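Fold and geometry: a report
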Amino acid sequence: MGYNKGTIQKMIVRENLLLSAMAAIFQAVLIGCTYLVGMIFNLAIMVTPLQILQSILSTGVVVIVISIIASYKLIHTEPAVTLRK
């Protein structure tokens, strides 16, 4: 079919990185919304920049780890079988 194991591995790794980046961006948006709600309702929300950075990075790492575990079998099977799944 023109696919080899290396090509499929690259596709899965890129997909995992994209998913991780999207999760980190979504996490940043949620933190921004939290601040906005806090300002609107006059709530004291104390989140330091270090906590924000740790939250975003940990979200990305968790997504990557889960994606790697989930796609482990796909990476180590034959390309034709992988593409059918």
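Preceding this paragraph is the structure being described.
Below is a summary of the structure that appears in this document. (Residues numbered from 1 in each chain as written. Predicted model: local features only at pLDDT ≥ 70, side-chain atom pairs only at ≥ 80, totals over all residues. Heavy atoms only, no water.)

On to a nonpolar patch on the surface, then. A contiguous nonpolar patch, built from Leu36, Val37, Met39, Ile40, Phe41 and Leu43 and spanning about 660 Å² of accessible area, is present on the exposed surface. Judged by relative accessible area, leucine 36 falls into the partly exposed class, the value being 46%. (Patch = residues over 30% accessible without salt bridge, like charges linked within 9 Å, V, L, I, M, F, W, Y side chains within 5 Å. Areas by Shrake-Rupley, 256 points an atom, 1.4 Å probe, with all protein chains shown as cover. Salt bridge = Lys/Arg side-chain N within 4 Å of Asp/Glu carboxyl O. Buried < 20%, exposed > 50% of the residue type's maximum accessible area, 1.4 Å probe, protein only.)

Moving on to helix α2 (residues 49-75). In a regular helix each residue adds 1.5 Å, so 27 residues correspond to 39 Å; α2 covers 37 Å between its end C-alpha atoms and thus fits that length. Of all the bends found along α2, the most pronounced is centred on isoleucine 69 and spans about 35°. Among all positions of α2, only Thr59, Gly60, Val63, Ser67, Ser71 and Ile75 are buried. Buried residues along α2 sit in contact with α1 (5-40). (Helix = DSSP H or I, 4+ residues; strand = E, 2+ residues; numbered from the N terminus. Expected span 1.5 Å × (residues − 1). Bend = angle between axes of the 7 residues up to and from the residue. Contact = heavy atoms within 4.5 Å.)

Okay, α1 next. The end-to-end C-alpha distance of α1 is 52 Å, a good match for the 52 Å that 36 residues give at a rise of 1.5 Å each. What α1 keeps buried is the set Ile8, Ile12, Asn16, Ser20, Ala23, Ala24, Ile31 and Gly38. Directly beyond the C-terminal end of α1, a positive phi value near 60° is found at asparagine 42.

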